[in-house]
Amino acid sequence: MTKAYQVNGLIEKMQSPDQDFRFMGLNDLMTEIRADPNFLVGDDAVENKCLTQVLALVEDKISEVKNQAVKCLGQLIKIIKPALMDMVVDKLIEFSGGKDDELRDISALALKTITAELPSDGKVAASACGKLAPKLLGQVESPDTPPEALVETLSILSILISRFPGHLASAPLTTPPLVALAPLLSHSRPVVRKRAIVTISQFIPISPPELFADLLKQHVFPYLDESANVEKQRTTVQLLAAVAKNSSPQVAPVLEEVVPGILKAIQREDDELRESCLQTLEALLLRCPIEMTPYLANVIQVGNQFIKYDPNYAGDDEDEEMADADDEDDDDAELDEYSDDEDTSYKIRRSATKLHAALIGTRPELLATIYKDVSPVLISRFGDRESTVKIEVWSTYVTLLNHTAVYGGLPQSKEDITHGKRKRDTETMDIEGGPYALLKAQVPSLSKTLLNQLKSSKTPPATLQAGFTLLYSLLNVLPGCLSGQVQLITSTSKSVLSQPPTTSTATLYLSCLSFLSLFFSTHSPPTFTGSLPMLTPALLKAVNERHPKVASESFRVFSALLHSLKPIKPPTNTDWTESLYTHTLTRLSNHDTDAEVRGCAEECIADLWICATDVVKVKDKKEWTFICRQNPTGKVEGAVRVIIKVAREVNVKESVGDQWVNGCMEWLLGVLKKSGRSGKTEIFTAMDVLLKSYSSGVPPGLPPTLMSQIKPYLTITDISLLSQALTTLSILLEVAPSTTFPEVEKTLLTDIYNVSYSPLISGAALESLLHFYDALVSADQQIATHVVPSLVLAADKTAKGAGTGGLSGSGSASSAGAGAKGSLTNVASSNVAKCIAQVVKSAQGVAAGTIAEYSKNLKGSSKATPSKVILSLLIMGELGRFIDMSNQQEIFNYAIEHFSAEQEEVRAAAAFAAGNIAIGNLHQFLPIIVKMVQSDQKKRLLSLHALKEVVTHSSHGHLESVAEMLWVPLFENSENSEETTRNVAAACLGKLATTHPAKYLPQLHARIKDSDPAARATVVAAIRYTFAENVQSYDELLSPLIVDFLSLMTDQDLTVRRLAISALNSAARTKPHLIKDHLHTLLPHLYKETVINQELIRVVQMGPWQHKVDDGLDARKTAYETMYTLLDTCLPKLDLHEFLGRVLPGLADDSDEIKVMSHMMLFRLSQVAPTAVAQRLDEATPQLQATMKGVTVNKDTVKQDLERSAELQRSALRAVAALSRIGMGISPQFDTFVDELKRNATWGGEFKELVSGH
């Protein structure tokens, strides 16, 4: 069937007198176009005929057909020719300006559909904008256009400008949009004026500045005068609000002329004008934060004035605030005394509240001022008679509390409160006039006023929920602050919990339970124990609720209560603990119990055993059967966690006994056979805890059984599980050496020798391996004589298998291959050496023999392979740390001789050996190394590495005795050296400086102005290594000097600047308290380094290609890393608007690493400063869109490029998901971007998971 025939068939359907046929004809046409976008291409006559018929159906008498025709046009507009597009636009414009109301509405809908359906890229959008915009503006200018048509036309223009600002900026327009739209500000119909305001504000960013200046001159400034017409002034103020939201960079420079007029206008007696003024000030505060700084005092004054604006109510704020809890009936009568449906003053109070919310959300540096001037006013309005205003006030106070938690210092833990302890970071909390001190003083008034609003039985669920949210936030910031309001809290909570939860009140129930959980965990027991008889019956009832989230949260409340009252001794509190045990047992025994509820019930059982041991130990322990053996879900993670908690915190001998331990071990061994990878780590942990819990010794039959289960995990297939298995074996050797050791020696030791040589063993796994050898030798000292040679033999076999004996090969190819394997071999040899050293340390009797045996391989006459020489050097080094080899000087000399070896790996091992042997007798060996640093140019770097071993591994006391000997040679040999040598010397100098900071810090400080850049680089690198020192006396010495060191960020030498930025990064991570007060001087220099410096970009010729090299990239990366660190450690001291001003350019940086860091910072900022970030979404969106488009594929694109691009896109996706949770509805451009991502075939699913999975 030809396409022409098929289309003609559809046209016949659309011409049918039967409305169903016409509808289906349109539907079939849309289906064909979606399936094949080229469906109408190729036959102009057929295409024209089809389009004409669809347009004709726009005028159909049947609404369903008309609507379907409009949808069809949305699909057709994407594929038709430009000439036909002109015809469609002309026809629809003609319809929309006609007198037929129904036709006008449907044509306007069609135009909206077309503009919304246009693809965002490609020529179709540009062509459509070029055709539509002039005609729409012409319709706006026409005096004959009816108001309804004007409103629709303006809506279509808004869609166009929000989706295609670039196309409209370049469209050939006879009349500039601002010129055509401005007269509508004086239109007689308010609806037209309001729509025109939005559209004008959207066109300002693409309009010439002089046109905007004319708009201000003609339509803004004249109407801000006190004598201006109120209606005109209202329109002007609303226009300024819209401009602030959509075109803030354009309005920011003229705020000096605008804001005073708004502040005067707000005092005029017109409610709508006042509301508009407050909304405009809010928009300006959010979008122009820096420019609004001079007016903040006025903003606070205006907000405070109009948040109380209630001309129709004669109540006294102070009386309202301090209303007594017993006056409930009087309060209700007073609330009902006045009712006026026409009263709109609440809108002004709500707008004033939002103005305060904007101030709080964007000005964390003003927290103290806000608590002094704004907080008391907000508290006085907690009882506003309009519920929407009341909830808005409470929500604003929650924002204030959340910002206090983030920017005002860290809240105290319960231990700090009850025991009078205080961490250094929280010392600022009680500074007089600080946010926390001011909040503490206001808590009594705040809590009483709030709880009085919640106590009434007539309070709506939404209000109650908002109240509990506020109380929860208050406790998060000031734990334990509600001890004076226990009675009101109890009665209100009981009132909420006594009613069964419904669909509409379930969220309130959860809010109440979450609050109670936090309340119990942050208050000392004497404050609430008297109220428990009122609350526990309702809580026990909630435990049995069918709603799974309610039941789960109820169990969490009891867990918090149990831990707060720990230990619970009969007869106190036994009534509800007994009932809780019974209810929990019932939940666990029911096979239809929800998985989340079951998990919480299991945790509650653990808490009962830990906190109320005397109550539950007399029971029959049925709960363990339900938790472990009769779990219908088949999941064991919860049961394992419960066992771990109980075994760790309960006295097994007095409470559960060895029989319980045996039962748990038996069950865990069974689970270990079946469990997947995810649960095995916890199972091993549980077994470790249980093995230590036996009160009468490990049963003789357990070690062989357990080891047979452990054996499969003694491989490098899963390093984490290997580490756990080794830890379990070590514990077995410690608690049952006589039964464990023979079995280990017989069945497991060979496997462990093999894994000991693996280069994959590091970190926790290596620590577990060393612990195992210590436990093994401690169990039987005789084994040491076998372990050392066996380890070396296993290493030899592995080395031969890997071909590392070929390291001595002379061919270039074999040398390259050997080098690739050499690094792995060195790691493996290092592990074996550490194991041997651990064995010798645990059995000192084998030390002499071990040294004698392996020092033979170091002699010049030895024929040992390079791999054996490396291993021997590493063994000597490891032993030298704790054995004095001064009587075996020749071993040290052998190590020095190997500084001249051909293989780099041998030379590195020799430096390691020399340095560590020197630790055993510093006064004998260290001068030799120092002399080599000073006099032997060829061996200087290796000698410095040896010195680094000395400095790194020597005790503080030993270092003090030799620091003077090392200081000058290290400095002299770091200057005029290559960067590698300088870095090693700087690491040593930094460590030495901490041995006597009063002496060495001034010496480092004196050199920051050295004329040699290398010396300055050494100083700033060395000071970075000192930041690991955590002694307070050192901080006191460093504090007055640290800014001078970090000021090297302004150095002329790029390397020095980069190292100074890196030092700031380290200081921000380890010593933020030393730099917080100096950030105002340091940050401008840091931000300067985030700007791309074109002078540092050079072009390098690589064959026929030219490649750009940015020498400033490393410094810029370090600067962004430092910003990310500062965001975590010094957030209260950052100017967020300035900080964001440097994060956003990073989204478009040429470096993928910088883009990723910028994405991470946006993610973090969306959590800690959502209001400030949300106002910059317009700036962030284009860069995020560019990243999500991915790499352009061409003939030179390789797989790695695509993988890097995908990782970058995932990073951007995480940032966009976080931003979408705080910024939807603020930036139309961002909203459109989010919608496109959700529909994206590649990323849509992952994006939705990220958004919903927060």
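How each quantity is defined
- Residues numbered from 1 in each chain as written.
- Predicted model: local features only at pLDDT ≥ 70, side-chain atom pairs only at ≥ 80, totals over all residues.
- Heavy atoms only, no water.
- Helix = DSSP H or I, 4+ residues; strand = E, 2+ residues; numbered from the N terminus.
- Buried < 20%, exposed > 50% of the residue type's maximum accessible area, 1.4 Å probe, protein only.
- Contact = heavy atoms within 4.5 Å.
- Areas by Shrake-Rupley, 256 points an atom, 1.4 Å probe, with all protein chains shown as cover.
- Patch = residues over 30% accessible without salt bridge, like charges linked within 9 Å, V, L, I, M, F, W, Y side chains within 5 Å.
- Salt bridge = Lys/Arg side-chain N within 4 Å of Asp/Glu carboxyl O.
- Phe/Tyr/Trp six-rings, centres within 6.5 Å; stacked < 30°, edge-to-face > 60°.
- Lys NZ or Arg CZ within 6 Å of the ring centre and 35° of its normal.
- UniProt positions renumbered as here; feature names shortened; annotations may be inferred.
- Core = buried A, V, L, I, M, F, W, Y, C linked by side-chain atoms within 4.5 Å.
- Axes fitted to C-alpha atoms, helices over the stretch in contact; angles between N-to-C directions.
- Parallel < 35°, antiparallel > 145°, perpendicular 65-115°, else oblique.
- Left-handed = near helix turned anticlockwise from the far one by under 90°.
- Nonpolar A, V, L, I, M, F, W, Y, C, P; charged D, E, K, R; others polar.
- Disulfide = S-S within 2.5 Å.
- Expected span 1.5 Å × (residues − 1).
- Polar contact = N/O pair within 3.5 Å; in protein donor to acceptor, adjacent residues only side chain to side chain.
- pLDDT = per-residue confidence, 0-100.

Participant: I'd like a rundown of the overall build of the protein chain, residues and numbers included.
Facilitator: The helix and strand inventory of the protein chain stands at 67 helices and two strands. Structurally, the protein chain occupies a C-alpha span of about 110 × 90 × 75 Å along its principal axes. For the protein chain, buried positions account for 52% of its 1254 residues. Within the protein chain, counting contacts between residues at least 6 apart in sequence, those at least 24 apart form 73% of the total. Split by element, the accessible area of the protein chain, about 54,000 Å² in all, is 51% carbon and sulfur.

Participant: Go over a nonpolar patch on the surface with me, naming the residues and quoting the values.
Facilitator: Where nonpolar side chains cluster on the molecular surface, the patch consists of Val1191, Val1193 and Leu1202 and spans about 250 Å² of accessible area. Relative to the assigned elements, Val1193 resides in the loop between α64 (1177-1189) and α65 (1199-1223). For Val1193, a relative accessible area of 59% gives the class exposed.

Participant: I'd love a proper account of the environment of Leu926, names of residues and values included.
Facilitator: Position of Leu926 relative to the elements: it lies in helix α49 (residues 922-935). Note: C-alpha distance between Leu926 and Gly915 (eleven residues apart in sequence) is 8.1 Å. Apart from the residues within four sequence positions on either side, Leu926 is in contact with Ala918, Asn921, Leu947, Val950, Val962, Met965 and Leu966.

Participant: How would you explain the packing of aromatic side chains if you had to name every residue and give the values?
Facilitator: The final tally for this structure, using the stated rule, is 17 aromatic pairs. Where Trp967 meets Tyr1000, the ring centres are 4.3 Å apart and the plane angle is 25°; that geometry is what we call stacked. One end of the pair, Trp967, is in helix α51 (residues 956-974); the other, Tyr1000, is in helix α53 (residues 997-1006), with 33 residues separating them in the sequence. Its relative accessible area of 2% is what places Tyr1000 among the buried residues. Directly above the ring of Phe971 sits Arg1007, whose terminal nitrogen or CZ lies 4.1 Å from the centroid.

Participant: Go over the UniProt feature "domain: TATA-binding protein interacting (TIP20)" (unreviewed entry) in the protein chain with me, naming the residues and quoting the values.
Facilitator: UniProt records the feature "domain: TATA-binding protein interacting (TIP20)" (unreviewed entry) for residues 1074-1237 in the present numbering. Helix makes up 67% of residues 1074-1237 and strand makes up 7%, while its end C-alpha atoms are separated by 44 Å.

Participant: I'd love a proper account of the environment of Tyr472, names of residues and values included.
Facilitator: Tracing the sequence through the fold places Tyr472 in helix α26 (residues 461-477). Take Tyr472: its relative accessible area is 32%, and that puts it in the partly exposed class. Considered as a pair, Tyr472 and Cys512 are 40 residues apart in the sequence and their alpha carbons are 8.9 Å apart. In this structure Tyr472 touches Ser514, Phe515 and Leu518, once residues within four positions along its chain are discounted.

Participant: If you had to explain the nonpolar core to someone new, which residues and values would you point to?
Facilitator: With 414 residues, the main nonpolar core has Tyr397, Phe520 and Tyr773 as its most contacted residues. Discounting residues that sit within four places of it in the chain, Tyr773 has contacts with Ile752, Tyr753, Ser756, Val787, Leu791, Cys835, Gln838 and Val839.

Participant: If you had to explain the pattern of salt bridges to someone new, which residues and values would you point to?
Facilitator: A side chain of one charge can pair with a side chain of the opposite charge when the charged atoms of the two come close. Within the structure shown, the criterion is met by 45 salt bridges. Here Arg385 makes a salt bridge to Asp310, at a shortest N to O gap of 2.9 Å. One end of the pair, Arg385, is in the loop between α22 (375-380) and α23 (387-407); the other, Asp310, is in the loop between α17 (296-306) and α18 (317-321), and 75 residues separate them in sequence. Exposure remark for Asp310: the relative accessible area of 9% places this residue in the buried category. With a closest N to O distance of 3.0 Å, Glu1089 and Arg1057 form a salt bridge. Taken together, the positions of Glu1089 in the loop between α59 (1079-1088) and β1 (1097-1102) and Arg1057 in helix α57 (residues 1054-1070) put the pair 32 residues apart, joining distant regions of the chain. Each member of the pair, Glu1089 as well as Arg1057, carries the same accessibility label: buried.

Participant: How would you sum up the packing of helix α48 (residues 904-920) against helix α50 (residues 940-953)? Please name residues and give values.
Facilitator: At a minimum axis distance of 8 Å, the contact between α48 and α50 shows a crossing angle of 40°. The orientation of α48 with respect to α50, classified from their angle, is oblique. Once α48 is placed against α50, the crossing between them reads as right-handed. Residues Arg907, Ala908, Ala911, Phe912, Ala914, Gly915, Asn916, Ala918 and Ile919 of α48 form the contact with α50, whose participating residues are Leu942, His945, Ala946, Glu949, Val950 and His953. Of the residues contributing to the contact of α48 with α50, the split by class is nine nonpolar, four polar and two charged.

Participant: Tell me about the state of the cysteines, and please be specific about residues and values.
Facilitator: This structure, assessed with the given rule, holds zero disulfides. Sulfur of Cys277: no disulfide; nearest cysteine sulfur belongs to Cys288 and is 16 Å away. For Cys277, a relative accessible area of 0% corresponds to the buried category. Residue Cys600 stays outside any disulfide, its sulfur separated by 9.0 Å from that of Cys604, the closest cysteine.

Participant: Tell me about helix α33 (residues 595-611), and name the residues and values.
Facilitator: One turn of the α-helix equals 3.6 residues, which is why residues spaced by three or four share an orientation. Its 17 residues give α33 an end-to-end C-alpha distance of 24 Å, which sits within 8% of 24 Å, the value for a rise of 1.5 Å per residue. Counting buried residues along α33, 13 of its 17 residues qualify, which places the element largely inside the surrounding structure. Two to three positions downstream of the cap, the backbone nitrogen of Glu596 sits 2.9 Å from a side-chain oxygen, assigning the N-cap of α33 to Asp594.

Participant: Kindly report on the environment of Arg195, identifying the contributing residues and their values.
Facilitator: Considering the arrangement of structural elements, one finds Arg195 in helix α11 (residues 190-203). For the pair Arg195 and Thr153, spaced 42 residues apart in the sequence, the C-alpha separation amounts to 9.6 Å. Residues contacting Arg195, with those up to four places away along its chain left out, are Val151, Leu154, Ser155 and Ser158.

Participant: I'd like to hear about unusual backbone geometry, residue by residue, with values.
Facilitator: The omega torsion across Lys566 and Pro567 is -5°, close enough to zero to call that bond cis. One non-glycine residue, Lys621, adopts positive backbone phi at about 60°. Its place among the elements puts Lys621 in the loop between α34 (613-616) and α35 (622-629).

Participant: Which residues make up helix α31 (residues 548-565), and what values do they have?
Facilitator: In this model α31 runs 26 Å from its N-terminal to its C-terminal C-alpha over 18 residues, within 8% of the 26 Å that 1.5 Å per residue would give. In terms of burial, α31 is largely enclosed, as 14 of its 18 residues are buried.

Participant: Go over the confidence of the model for the protein chain, please, and point to the residues and values.
Facilitator: Counting all residues, the mean pLDDT for the protein chain is 86, and 92% of those residues have values of 70 or more. Counting interchain partners and residues more than four positions distant, the pLDDT-below-50 stretch residues 316-339 has 31 contacts. In this model residues 803-822 is a low-confidence stretch, pLDDT under 50, and it forms 16 contacts with partners more than four residues away in sequence or in other chains.

Participant: Which residues make up the packing of helix α41 (residues 737-756) against helix α42 (residues 763-779), and what values do they have?
Facilitator: Running from N to C, α41 and α42 point in directions that differ by 140°, and their axes come no closer than 11 Å. Considering the angle they form, α41 stands oblique to α42. Between α41 and α42 the crossing geometry is left-handed. Touching Pro737, Phe741, Val744, Leu749, Ile752, Tyr753 and Ser756 of α41 are Leu769, Phe772, Tyr773, Leu776 and Ala779, all from α42. Per-class residue counts for the contact of α41 with α42 are eleven nonpolar, one polar and no charged.

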